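# Observations on chain architecture
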Amino acid sequence: MIYTIKKNRHRSRWIPKLTFRKSIKGTFKFIGDVSYDGNLDTNKLIGLSDSYHHHVNSIRLGWRWNNGLELMAICYRNGNREIRPICFIEPDVDYEFSIMIHKYTYQIMTAGQIQFFTRKSKWWFVRYWLFPFFGGQSKSSKEFKIEINTRKK
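Below is a summary of the structure that appears in this document. Computed from a predicted model, the values in this text were never measured in an experiment.

Moving on, we come to the overall build of the protein. If you tally the helices and strands in the protein, you get zero helices and 12 strands. For the protein, the α and β elements follow one another from N to C terminus as β-β-β-β-β-β-β-β-β-β-β-β. In terms of overall dimensions, the protein is globule-like: its C-alpha atoms have a radius of gyration of 14 Å, near the 15 Å expected for 153 residues. The buried share of the protein, reckoned over its 153 residues, is 49%.

In C-alpha coordinates form, the structure reads like this:
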(Lines give C-alpha, C1' and ligand atoms only; values in the text may rest on other atoms or scores of the structure.)
Protein backbone atom coordinates (compact mmCIF):
# COMPACT_ATOMS: atom_id res chain seq x y z
CA MET A 1 0.00 0.00 0.00
CA ILE A 2 1.26 3.49 -0.80
CA TYR A 3 0.99 6.05 1.99
CA THR A 4 1.08 9.72 1.04
CA ILE A 5 2.01 12.59 3.35
CA LYS A 6 0.78 15.69 1.57
CA LYS A 7 2.57 19.04 1.58
CA ASN A 8 1.95 21.05 4.78
CA ARG A 9 0.57 17.98 6.55
CA HIS A 10 1.75 15.50 9.18
CA ARG A 11 -0.32 12.35 8.69
CA SER A 12 -0.57 9.77 5.97
CA ARG A 13 -3.59 8.11 7.58
CA TRP A 14 -6.10 9.17 10.26
CA ILE A 15 -7.77 5.91 11.26
CA PRO A 16 -5.56 3.52 13.27
CA LYS A 17 -5.39 -0.20 12.57
CA LEU A 18 -5.99 -2.16 15.76
CA THR A 19 -4.26 -5.46 16.36
CA PHE A 20 -3.40 -7.97 19.08
CA ARG A 21 -0.20 -8.89 17.26
CA LYS A 22 3.21 -8.23 18.77
CA SER A 23 5.04 -7.89 15.46
CA ILE A 24 4.95 -6.30 12.03
CA LYS A 25 6.99 -7.67 9.14
CA GLY A 26 7.21 -6.62 5.54
CA THR A 27 8.90 -4.28 3.11
CA PHE A 28 9.04 -0.52 2.63
CA LYS A 29 10.24 1.80 -0.10
CA PHE A 30 10.48 5.59 -0.27
CA ILE A 31 9.28 6.70 -3.68
CA GLY A 32 11.06 9.50 -5.56
CA ASP A 33 12.91 12.46 -4.10
CA VAL A 34 12.72 12.42 -0.30
CA SER A 35 15.22 15.21 0.38
CA TYR A 36 14.07 18.28 2.26
CA ASP A 37 15.56 21.35 3.88
CA GLY A 38 15.15 22.09 7.53
CA ASN A 39 15.56 20.33 10.79
CA LEU A 40 16.84 16.89 11.68
CA ASP A 41 13.60 15.81 13.37
CA THR A 42 12.91 12.12 13.10
CA ASN A 43 9.81 11.28 11.10
CA LYS A 44 7.86 8.11 11.70
CA LEU A 45 7.67 5.26 9.18
CA ILE A 46 5.84 2.39 10.91
CA GLY A 47 5.54 0.93 14.39
CA LEU A 48 3.41 -0.52 17.18
CA SER A 49 1.95 1.04 20.30
CA ASP A 50 2.55 -0.89 23.51
CA SER A 51 0.10 0.84 25.84
CA TYR A 52 -2.97 3.06 25.67
CA HIS A 53 -0.91 5.86 24.01
CA HIS A 54 2.06 5.63 21.63
CA HIS A 55 3.94 8.45 23.42
CA VAL A 56 3.98 6.33 26.59
CA ASN A 57 5.22 2.99 25.21
CA SER A 58 5.88 2.14 21.56
CA ILE A 59 8.51 0.94 19.12
CA ARG A 60 8.90 2.30 15.59
CA LEU A 61 11.06 2.71 12.57
CA GLY A 62 11.67 6.30 11.49
CA TRP A 63 13.59 8.41 9.00
CA ARG A 64 15.14 11.80 8.49
CA TRP A 65 17.04 13.64 5.77
CA ASN A 66 20.62 14.09 6.95
CA ASN A 67 22.48 14.69 3.66
CA GLY A 68 20.95 11.36 2.73
CA LEU A 69 17.99 9.20 3.73
CA GLU A 70 18.76 7.94 7.25
CA LEU A 71 16.74 5.25 9.02
CA MET A 72 16.17 5.66 12.74
CA ALA A 73 14.92 3.44 15.58
CA ILE A 74 12.45 5.17 17.92
CA CYS A 75 11.41 3.82 21.31
CA TYR A 76 9.09 5.32 23.92
CA ARG A 77 9.52 3.72 27.36
CA ASN A 78 7.29 5.03 30.14
CA GLY A 79 7.02 8.36 28.31
CA ASN A 80 10.76 8.75 27.66
CA ARG A 81 11.83 8.79 24.01
CA GLU A 82 15.08 7.32 22.70
CA ILE A 83 16.13 7.70 19.06
CA ARG A 84 19.05 5.84 17.48
CA PRO A 85 20.43 6.06 13.93
CA ILE A 86 20.42 2.75 12.07
CA CYS A 87 21.89 3.37 8.60
CA PHE A 88 21.52 5.29 5.36
CA ILE A 89 19.36 3.85 2.57
CA GLU A 90 18.41 4.74 -0.99
CA PRO A 91 15.00 5.84 -2.25
CA ASP A 92 13.18 3.62 -4.79
CA VAL A 93 14.69 0.46 -3.26
CA ASP A 94 12.68 -2.16 -1.33
CA TYR A 95 13.92 -2.92 2.19
CA GLU A 96 12.69 -5.67 4.48
CA PHE A 97 11.85 -4.85 8.08
CA SER A 98 10.48 -6.43 11.23
CA ILE A 99 9.35 -4.79 14.46
CA MET A 100 8.81 -7.16 17.37
CA ILE A 101 7.66 -6.83 20.95
CA HIS A 102 9.16 -9.52 23.19
CA LYS A 103 8.57 -10.01 26.91
CA TYR A 104 11.52 -7.84 27.98
CA THR A 105 12.72 -6.20 24.74
CA TYR A 106 11.68 -4.42 21.58
CA GLN A 107 13.49 -5.40 18.39
CA ILE A 108 13.82 -3.66 15.01
CA MET A 109 15.51 -5.36 12.07
CA THR A 110 16.06 -3.66 8.72
CA ALA A 111 18.71 -3.10 6.05
CA GLY A 112 20.94 -5.76 7.60
CA GLN A 113 20.90 -4.02 10.99
CA ILE A 114 19.28 -4.93 14.30
CA GLN A 115 18.40 -2.72 17.29
CA PHE A 116 17.19 -3.83 20.73
CA PHE A 117 15.55 -1.66 23.39
CA THR A 118 14.58 -2.66 26.92
CA ARG A 119 10.82 -3.03 27.30
CA LYS A 120 9.16 -1.80 30.51
CA SER A 121 5.52 -2.08 29.44
CA LYS A 122 3.33 -4.89 30.80
CA TRP A 123 0.58 -4.11 28.25
CA TRP A 124 -1.49 -7.11 27.18
CA PHE A 125 -4.44 -5.43 25.49
CA VAL A 126 -5.07 -4.25 21.93
CA ARG A 127 -2.30 -2.31 20.15
CA TYR A 128 -2.43 -0.05 17.14
CA TRP A 129 -0.15 0.31 14.15
CA LEU A 130 1.65 3.61 13.76
CA PHE A 131 1.74 4.76 10.14
CA PRO A 132 3.93 7.32 8.31
CA PHE A 133 3.97 10.71 10.03
CA PHE A 134 6.12 13.74 9.22
CA GLY A 135 7.74 15.89 11.87
CA GLY A 136 6.85 16.80 15.37
CA GLN A 137 6.17 20.52 15.25
CA SER A 138 7.08 21.01 11.57
CA LYS A 139 4.85 19.94 8.70
CA SER A 140 6.07 18.41 5.45
CA SER A 141 7.58 20.83 2.97
CA LYS A 142 6.45 18.67 0.05
CA GLU A 143 4.56 15.47 -0.72
CA PHE A 144 6.14 12.17 0.35
CA LYS A 145 5.13 8.73 -0.91
CA ILE A 146 6.10 5.58 0.95
CA GLU A 147 5.13 2.06 -0.06
CA ILE A 148 4.70 -0.35 2.85
CA ASN A 149 3.70 -3.97 2.39
CA THR A 150 3.12 -6.05 5.52
CA ARG A 151 2.65 -9.75 5.98
CA LYS A 152 1.67 -12.04 8.79
CA LYS A 153 4.29 -13.95 10.80
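Examined against the element boundaries, Thr42 turns out to sit in the loop between β3 (23-31) and β4 (43-49). Look at Thr42 and you get buried, because its relative accessible area is 10%. Beyond its immediate chain neighbours, meaning those up to four positions away, Thr42 contacts Gly62, Trp63, Arg64, Met72, Ile74 and Ile83.

With that out of the way, let us pick up a positive patch on the surface. A contiguous patch of positive charge, built from Lys22, Lys103, Lys120 and Lys122, is present on the exposed surface. In this structure, Lys103 sits in the loop between β8 (95-101) and β9 (105-110).

Before going further, it helps to examine the pairing of β8. Counting buried positions along β8 gives six out of seven residues, so the element sits mostly inside the fold. Sheet analysis places β3 next to β8, joined by six bridges and oriented antiparallel. Within β8, the position partnered with Gly26 by the bridge is Phe97. Of the strand pairs in this sheet, β8 and β9 are connected by five bridges, and their pairing is antiparallel. Residue pairing for β9: Phe97 is matched across the bridge by Thr110. In this structure, the hairpin formed by β8 and β9 is closed by a connection of three residues.

In this section: the pairing of strand β5 (residues 58-65). The buried fraction of β5 amounts to seven of the eight residues, a majority that puts the element mostly inside the structure. In terms of strand pairing, β5 meets strand β6 (residues 69-77) through eight bridges, oriented antiparallel. Among the inter-strand pairings, Leu61 is bridged to a residue of β6, identified as Ala73. Between the end of β5 and the start of β6, which pair antiparallel, lie three residues, with Asn67 showing a positive phi angle near 55°.

What counts as what
The residue numbering used here restarts from 1 in each chain and proceeds along that chain's sequence as written. With the structure being a predicted model, the display of local features is reserved for residues of pLDDT at least 70 and the display and counting of side-chain atom pairs for 80 or more, all residues being used for whole-chain, interface and lining totals. Neither water nor hydrogens contribute to the side-chain values; these are computed over all heavy atoms in the structure. Numbering of helices and strands starts at the N terminus; helices are DSSP runs of H or I of at least 4 residues and strands are runs of E of at least 2. The globule rule used here is 2.2 Å times the number of residues to the 0.38 power, and the radius of gyration it is set against is calculated over C-alpha atoms. Residue burial is assigned from relative accessible area. The probe radius is 1.4 Å, only protein chains are included, and a residue is buried under 20% of its type maximum, exposed over 50%, and partly exposed in between. A contact between two residues is defined here by any heavy atoms of the two lying within 4.5 Å. Two joining distances apply to patches: 9 Å for like charges and 5 Å for nonpolar side chains (Val, Leu, Ile, Met, Phe, Trp, Tyr), and every residue must have over 30% relative accessible area and no salt bridge. Accessible areas in this description were obtained via Shrake-Rupley with a 1.4 Å probe; residue shielding takes into account the shown protein chains only. Definition used for salt bridges: Asp or Glu carboxyl oxygen within 4 Å of a side-chain nitrogen of Lys or Arg. Counted charges follow a simple rule, with Lys and Arg positive, Asp and Glu negative, and His plus the chain ends left uncounted. For charged residues, the charge sits on one atom: NZ in Lys, CZ in Arg, CG in Asp, CD in Glu. Only strands joined by at least two bridges in the DSSP assignment are considered to pair.

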